[in-house]
Amino acid sequence: MEYSEEDLKKIRELAEDLMTPAEIGTLLGYEDGRIEAVCSIPGNAVRNAYLEGASKTIHEINKLLLNAAMAGSPFALQKVCEAKNEIQGIFEL
């Protein structure tokens, strides 16, 4: 199935709201399981649109969390430290 630029834009926008592929598929009227299946294919335009949208929002959340940690929020500081440790673990052999 071919997805138009308008379809990809809608997927990207809904992913920015951190909706799951299943939720997006339901809202846009796709066959049950279709968007999830397509999102699992690396390099697919639908997957790329979904990841772009979700990553944009996650980036904004991370910036807010980092700012809250720098302002002294214990919860935010804990979450930032957990993220730092996770990132370090990815690059350690």
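Predicted model only: the values in this text are computed from it and were never measured. (Residues numbered from 1 in each chain as written. Predicted model: local features only at pLDDT ≥ 70, side-chain atom pairs only at ≥ 80, totals over all residues. Heavy atoms only, no water.)

**Student:** Describe the packing of helix 1 (residues 5-16) against helix 2 (residues 21-28), listing the residues and the values that go with them.
**Tutor:** Taken N-terminus to C-terminus, the directions of helix 1 and helix 2 make an angle of 130 degrees; their axes are 10 Å apart at the nearest point. In terms of axis orientation, helix 1 runs oblique to helix 2. The two elements helix 1 and helix 2 cross, and the hand of that crossing is right-handed. Mapping the contact onto sequence places Lys10, Ile11, Leu14 and Ala15 in helix 1 and Ile24, Leu27 and Leu28 in helix 2. Partitioned by chemical class, the residues of the contact of helix 1 with helix 2 number six nonpolar, no polar and one charged. (Axes fitted to C-alpha atoms, helices over the stretch in contact; angles between N-to-C directions. Helix = DSSP H or I, 4+ residues; strand = E, 2+ residues; numbered from the N terminus. Parallel < 35°, antiparallel > 145°, perpendicular 65-115°, else oblique. Left-handed = near helix turned anticlockwise from the far one by under 90°. Contact = heavy atoms within 4.5 Å. Nonpolar A, V, L, I, M, F, W, Y, C, P; charged D, E, K, R; others polar.)

**Student:** Can you explain the pattern of salt bridges? Please cite residues and give values.
**Tutor:** One pass over the structure, following the stated rule, counts four salt bridges. Note that Glu52 and Arg12 form a salt bridge whose closest N and O atoms lie 3.2 Å from each other. Highlighted residues: Glu52 in helix 4 (residues 45-70) and Arg12 in helix 1, separated in sequence by 40 residues. Take Glu52: its relative accessible area is 48%, and that puts it in the partly exposed class. When the shortest N-O distance is used, the salt bridge between Lys63 and Glu60 registers 3.2 Å. (Salt bridge = Lys/Arg side-chain N within 4 Å of Asp/Glu carboxyl O. Buried < 20%, exposed > 50% of the residue type's maximum accessible area, 1.4 Å probe, protein only.)

**Student:** Lay out the nonpolar core in plain terms, naming residues and giving numbers.
**Tutor:** The biggest cluster of nonpolar side chains holds 15 residues, and the ones touching the most others in it are Tyr3, Ile11, Ile24, Ile35, Val46 and Tyr50. Residue assignment for this core shows that the elements contributing at least two residues are helix 1, helix 3 (34-39) and helix 4. Tyr50 has contacts with Ile11, Ala15, Met19, Thr20, Pro21, Ile24 and Cys39, leaving out every residue within four places of it along the chain. (Core = buried A, V, L, I, M, F, W, Y, C linked by side-chain atoms within 4.5 Å.)

**Student:** Would you mind going over the side chain of Asp7 in detail, with residue names and values included?
**Tutor:** Tracing the backbone shows Asp7 in helix 1. One buried charge, Asp7, has no salt-bridge partner; the nearest side chain with opposite charge is Lys10, at 5.2 Å. Among the polar contacts made by the side chain of Asp7, one reaches the side chain of Tyr30 at a distance of 3.3 Å. (Lys, Arg positive; Asp, Glu negative; His and termini not counted. Polar contact = N/O pair within 3.5 Å; in protein donor to acceptor, adjacent residues only side chain to side chain.)

These figures come from the coordinates and say nothing about function on their own.
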